[in-house]
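Residue-level structural notes
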Amino acid sequence: MSLPVERAQTIAHVLIEALPYIRRFSGKTIVIKYGGNAMVDQGLKQGFARDVVLMKLVGVNPVVVHGGGPQIGSLLKRLGKVSEFVQGLRVTDAETMDVVEMVLGGLVNKEIVSLINRHGGSAVGLTGKDGDLIHARKLLLRRDAPELKEPEIIDLGHVGEVESIDVAVVDLLVRGNFIPVIAPIGVGVDGRSYNINADLVAGKVAEVLKAEKLLLLTNTPGLLDADGKLIPELDVGRVEELIRAGVITGGMLPKIQCAVDAVQGGVKSAHIIDGRVEHAVMLDLFTDEGVGTLIRRR
């Protein structure tokens, strides 16, 4: 049965539009931070897996770094453990860290790997502890307040930041035609495990790999201006202006800073894209319009 002419022409147009982008990104590494609605909505999960498999089939090398905050919170609640947050970061004692490792390194990571493999890919799941991938150090928050004589240092337990990345195991997997799927758990020099923000890990992995692009999936259309309108593209200097003006605040601030650090560290561009849009990754990579905000160097 043949396709209707109009639908056939639409498909042909899409393929032709995608061709120069496929040529451009063939052989290049794209790091994707996977989180938000795209990780919990069944349709979006299936679409993301297909996107990643298609990327690999046309010669692009995707590397996936995932979060899992809602899933961690859900299991902690079922276990009767109350989650406490400071400046948006989960206070992580030893018991909570056990749950984090089980959820991120086990349940979530293996589900993503399974989805990708089910759609024809060859994914391999890792945590930052595998192959000595992510070296971490304890993250200590500093709080300044007028009533304090000196800054207060807040210890969040097993919450860490990236000290260094050793991507030898990732390189090995990519050269073997596998798709690495990384859970953001690092290990310190003391052998302790640390829960690290997935955006931060994705940015650092992209930087060390000298990735062509860093894609950060979010639950917003991208970066919005003071009037709530999407900013499709901006450079690092403009980002700094928007931060000073108070336009970039709250949960968007660490994502933007992660993107800025990545492009200043050698990544060609970073994109904050709407993970609520089906096939957002494909639309951003292989179409003229994209579906979010592009951040580039000056």
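Before any of the text, the structure's been laid out above.
Here the structure is a predicted model, which is why all the values come from computation and not from measurement.

1. Some points on the overall build of the protein chain
Across its full length, the protein chain carries nine helices and 14 strands. Relative to the compact-globule value of 19 Å for 298 residues, the protein chain shows a C-alpha radius of gyration of 20 Å, a close match. Over its C-alpha atoms, taken along the principal directions, the protein chain stretches across nearly 75 × 40 × 35 Å. Working note: accessible area of the protein chain is about 14500 Å², and carbon and sulfur atoms make up 54% of it. Separation of charge centres in the protein chain, based on 34 positive and 37 negative side chains, amounts to 2 Å.

2. Brief notes about the sheet that holds strand 11 (residues 213-218)
One open sheet holds the eight strands; their spatial order is 5-8-2-1-11-13-14-12, and the pairing between them is mixed. At either end of the open sheet lies a strand with only one pairing partner, and these are strand 5 (123-127) and strand 12 (233-235). Averaged over all pairs of adjacent strands, the angle between strand axes in this sheet comes to 20°, irrespective of strand direction. Relative to strand 11, strand 1 (residues 29-34) runs parallel, the two sharing four bridges. Following the sheet pairing, isoleucine 32 is matched in strand 11 by leucine 215. Of the strands in this sheet, strand 1, strand 2 (61-66) and strand 11 are in contact with helix 6 (residues 198-209), which crosses strand 1 at around 175°. Together, strand 12 and strand 14 (292-296) form the strand contacts of helix 7 (residues 236-244), whose direction differs from that of strand 12 by roughly 95°.

Basis of the calculations
Residues numbered from 1 in each chain as written. Predicted model: local features only at pLDDT ≥ 70, side-chain atom pairs only at ≥ 80, totals over all residues. Heavy atoms only, no water. Helix = DSSP H or I, 4+ residues; strand = E, 2+ residues; numbered from the N terminus. Rg over C-alpha atoms; globule rule 2.2 N^0.38 Å. Areas by Shrake-Rupley, 256 points an atom, 1.4 Å probe, with all protein chains shown as cover. Lys, Arg positive; Asp, Glu negative; His and termini not counted. Charge placed at Lys NZ, Arg CZ, Asp CG, Glu CD. Pairing = 2+ DSSP bridges. Axes fitted to C-alpha atoms, helices over the stretch in contact; angles between N-to-C directions. Contact = heavy atoms within 4.5 Å.

Note that every value here comes from positions in space, so none of it alone points to a role or purpose.
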